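Summary of structural features
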Amino acid sequence: APDEQAEWVADLLERTTRPDGRAPAVCVLDTGVTRGHPLLEGALAEEDCTSVDPNWGPHDDGGGPTMMGHGTEMAGLALYGNLTPVLEGSEPVRLRHRLESVKILPPRGTNPPELYGAITAEAASRAEVQAPQRTRCFSMAVTAEDTRDRGQPTSWSAAIDALAAGRALDPSSRGLVYLDERGESPRRLFLVSAGNVGGELEVGHLERSDTEPVHDPAQAWNALTVGGYTDLTTIKDTSWEGWEPVAATGDLSPWSTTSVVFHKDWPIKPDVVFEAGNAVRNGSGDVDFPCEDLSLLSTHFKPAEKSFVLSWATSAATAQAARMAAIISAEYPRLGPEAVRGLIVHSAEWTRSMHAHLRGASGKRQREQLVRRYGFGVPRLERALHSASDALTLIAEGSIRPFVETGRKQMKMREMHLFELPWPTDVLQSLGEQPVRLRVTLSYFIEPNPGRRGWAKRHRYASHGLRFDVKGPTESVEEFRKRLNQRALDEDESKPVTDSRASEWYLGEQARNRGSIHSDLLQGFAADLAERGAVGVYPVSGWWKDQSKRDRSEMGAHYALIVSIETDAEDVDIWAPVANEVGITLET
């Protein structure tokens, strides 16, 4: 009952520590937020609530009756996560990030589709003008279904890509018009919902999701696109007797869309999946929702009426992903947006249910199709924040200049970066034939081609591409360097990859080299991995190379490289030797 809900709110507030004004923020782009909700007002300043149109007001009433309250619902999840376990607990809650809100939906009617990109750009600008020094990520669970085309860019997704890459733009004309040819604005992290399947939910939800492509602008290369999975499968409410959950534990949520039907050249989406709730079905095949036991809990936009509201689907998943991004930024304030995105993907794991499907794949091509359903799995906050004695993670951030003009407007590859990593060589050698897992993730932002004519093919859409490779166990560093040079040249000339080492990786180069974030796994003997402590990053073609006058290579293309080693061997410490080598003080 509402009066009892107020008691739960009071209990949570008593054990909650508010964030300070310098904390990173999740900027919610939605229907506005009811700042007066007791659980939100301590983390959402009045001046941080705004609207792209001042006449709309910042309060939560936008988007018509189906969206009303949506922004406040997203804000609660972005700040606390699912409120059910938070309310049930008794431990202190320390909030390390804040909220911001920019209303992007009008109180009545809808925005013209041709202005979606312009409105998103205006929303980002308003938040940044208000607090220019604050670190933030943008959480957007507002999408469109009628502009999808097998993963091809649209004016909206291209605007997201440009804004993420730090470009100022005027997307009101056809294509993109950049306003800052030689300048560089702050790069931005956008978290965008994959969108939900249309119409009625079905019992055969996996087949349905595989045929429903993610919504616009979730195909954006630089966005972290968030789909949904669910662990909520226990129904305690006796009013649902005779009904069962639609999705199995750890499998895709019934609402989540995928990129299975995308053309193979376009990015793998969603990138990751978060808890999105579940629906119920009966013996006759009827599907229904919401079921309280299978839903998340968030903040209601009219707290005077009730404090909480049920939440589900990819919107709820996206808000939780944004919360994770803000917590990473609070823990590591110097990390760039590419690294935060990379850590979220790198920390993701496929669930048992997802692994069961992946094990049944007949080859890498079918495996890629399943990754287009599940992304890289479910991110784990603890894995993103900390190494462990049996799981070492190394992060390198850099800026590479992909191309250089050689005369007569001819362009060639300019740089590659080679990292000789601090590596637990002795420990790995001592493990011999014990299995060890190596994972590499490369995250960077591309700049979209400023003309629509360049959006038909990926090499014409993206300003550049980056690739990674790992030294072979019998290669010298110099031999590895020469091989990287040759690979860069081969890709530039569109030659097929023939390196036998490609078969070692779980996904392989054909699958992982989509979009602007690449992640793959390699499992081998510890002794072999002991000799593989060098990783290279090199560029491949894009429209910068074809348009020398607009090439921005000299300014550098930022990236984050994340490498981890993990072993199931007992009583083995692979972290301490590396910590000693790089000068980290070990606590005793």
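As a starting point, this report considers the structure included with it. Counting starts from 1 at the beginning of each chain's written sequence and moves along it residue by residue. Thresholds applied to this predicted model are a pLDDT of at least 70 for local features of residues and 80 or more for the giving and counting of side-chain atom pairs; totals over whole chains, interfaces and linings are not thresholded and use all residues. Side-chain figures throughout are based on the complete set of non-hydrogen atoms in the structure, without hydrogens or water.

Next up on the list: the overall build of the chain. Helices and strands together make up the secondary structure of the chain, namely 18 helices and 24 strands. Expressed along its principal axes, the backbone C-alpha trace of the chain runs to roughly 70 × 60 × 50 Å. In this scheme, a residue with accessible area under 20% of its type's maximum is buried, one over 50% is exposed, and one in between is partly exposed, where area comes from a 1.4 Å probe on protein chains only. In the chain, which comprises 588 residues, the share counted as buried stands at 59%. Looking at the chain alone, contacts between residues at least 24 apart form 79% of all its contacts between residues at least 6 apart. Residue burial considers only the protein chains on display, and all accessible areas are found by Shrake-Rupley using a 1.4 Å probe. Of the roughly 24300 Å² of accessible surface on the chain, 47% is carried by carbon and sulfur atoms. Going along the chain from the N terminus, every DSSP run of H or I of four or more residues is numbered as a helix, and every run of E of two or more is numbered as a strand. Whether two residues touch is decided by their heavy atoms; if any such pair falls within 4.5 Å, the residues are in contact.

For the rest of this paragraph, the subject is the state of the cysteines. Two cysteine sulfurs form a disulfide in these notes if their separation is within 2.5 Å. According to the stated counting rule, one finds 0 disulfides in the structure shown. Here Cys-137 stays free of any disulfide, with the sulfur of Cys-27 as its closest cysteine sulfur at 8.6 Å. Its relative accessible area of 3% is what places Cys-137 among the buried residues.

Our focus in this paragraph is the nonpolar core. Counting 76 residues, the largest nonpolar core has Leu-29, Ile-104, Phe-190 and Leu-438 as its most contacted members. Discounting residues that sit within four places of it in the chain, Leu-438 has contacts with Trp-423, Val-470, Trp-505, Asp-520, Leu-521, Leu-522, Leu-529, Val-563, Ser-564 and Ile-565. Here, the term nonpolar core denotes a set of buried Ala, Val, Leu, Ile, Met, Phe, Trp, Tyr and Cys residues that are joined through side-chain atoms within 4.5 Å. One finds Leu-79, Val-86, Leu-224 and Ala-321 within the second-largest nonpolar core, a separate group that totals 72 residues.

Moving on: the sheet that holds strand β9 (residues 244-245). An order of β9-β12-β13 is seen for the 3 strands of this open sheet, with the pairing classed as antiparallel. Every other strand in the sheet has two partners, leaving β9 and β13 (287-288) as the edge strands with one partner each. Where β9 meets strand β12 (residues 280-281), 2 bridges bridge the pair, whose relative direction is antiparallel. Looking at β12, one finds that Glu-244 is bridged to Arg-281. Strand pairing is assigned whenever DSSP detects at least two bridges linking the two strands.

Judged by pairing direction, the sheet is antiparallel, and its 4 strands sit side by side in the order β16-β24-β20-β22 without closing on themselves. This sheet does not close on itself; its edge strands, each paired only once, are β16 (391-400) and β22 (517-525). Each adjacent strand pair in this sheet contributes to an overall mean axis angle of 15 degrees, direction not counted. Of the pairings in the sheet, the one linking strand β20 (residues 435-444) to β22 comprises 9 bridges and is antiparallel in character. For every element, the axis is a line fit to its C-alpha atoms; helices are fit only across the contacting stretch, and the angle between N-to-C directions ranges from 0 to 180 degrees.

Time to look at helix α4 (residues 116-130). Because the α-helix completes a turn every 3.6 residues, residues three or four places apart line up on one side. To estimate the expected span of a helix, count its residues, drop one, and scale the result by 1.5 Å. A rise of 1.5 Å per residue sets the reference length of α4, with its 15 residues, at 21 Å; its end C-alpha atoms lie 22 Å apart and thus fit the reference within 8%. Regarding α4, the residues found buried are Tyr-116, Gly-117, Ile-119, Thr-120, Ala-121, Ala-123, Ala-124, Ala-127 and Glu-128. Of the surrounding elements, those touching the buried residues of α4 are β2 (25-30), β5 (98-103), β6 (136-140), α5 (155-164) and β7 (189-193).

Before going further, it helps to examine the packing of helix α9 (residues 352-359) against helix α10 (residues 364-374). Contact geometry for α9 and α10: axes closest at 9 Å, N-to-C directions at 155 degrees. In terms of orientation, α9 and α10 fall into the roughly antiparallel class. In the packing of α9 onto α10, the handedness of the crossing is right-handed. Across from Met-354, His-357 and Leu-358 in α9, the residues of α10 making contact are Arg-367, Leu-370, Val-371, Arg-373 and Tyr-374. Class assignment for the residues of the contact of α9 with α10 results in 5 nonpolar, 1 polar and 2 charged. Note that the term roughly parallel is reserved for angles under 35 degrees, roughly antiparallel for angles over 145, roughly perpendicular for angles of 65 to 115, and oblique for everything else. Definitions for this section: a left-handed crossing has its near helix turned counterclockwise from the far helix by less than a right angle. A right-handed crossing has that turn clockwise. For this classification, Asp, Glu, Lys and Arg are treated as charged, while Ala, Val, Leu, Ile, Met, Phe, Trp, Tyr, Cys and Pro are nonpolar and the rest, including Gly, are polar.

Moving on, we get to the pairing of β2. Taking burial as the measure, the 6 residues of β2 include 6 buried ones, the bulk of the element. What you see with β2 is no split at all: Ala-25, Cys-27 and Leu-29 on one side and Val-26, Val-28 and Asp-30 on the other are buried throughout. Of the strand pairs in this sheet, β2 and β5 are connected by 6 bridges, and their pairing is parallel. Looking across to β5, one finds that Asp-30 is bridged to Lys-103.

What follows covers the pattern of salt bridges. Salt bridges, as used here, are contacts in which a Lys or Arg side-chain nitrogen is within 4 Å of a carboxyl oxygen on Asp or Glu. As enumerated under the stated definition, the model contains 36 salt bridges in all. For Glu-331, the salt bridge is made with Arg-96, and the minimal N-O distance between the two is 2.7 Å. Here Glu-331, found in helix α7 (residues 313-331), pairs with Arg-96, found in the loop between β4 (93-94) and β5; they are 235 residues apart in sequence, far enough to count as distant. Residue classification places Glu-331 among the partly exposed residues on the basis of a relative accessible area of 25%. Judged by relative accessible area, Arg-96 falls into the partly exposed class, the value being 27%. Each of the salt bridges in this network shares a partner with another, and the network as a whole consists of Asp-469, Glu-475, Arg-483, Arg-487, Glu-509, Arg-512 and Asp-520.

Worth remembering: the numbers are spatial, not functional.
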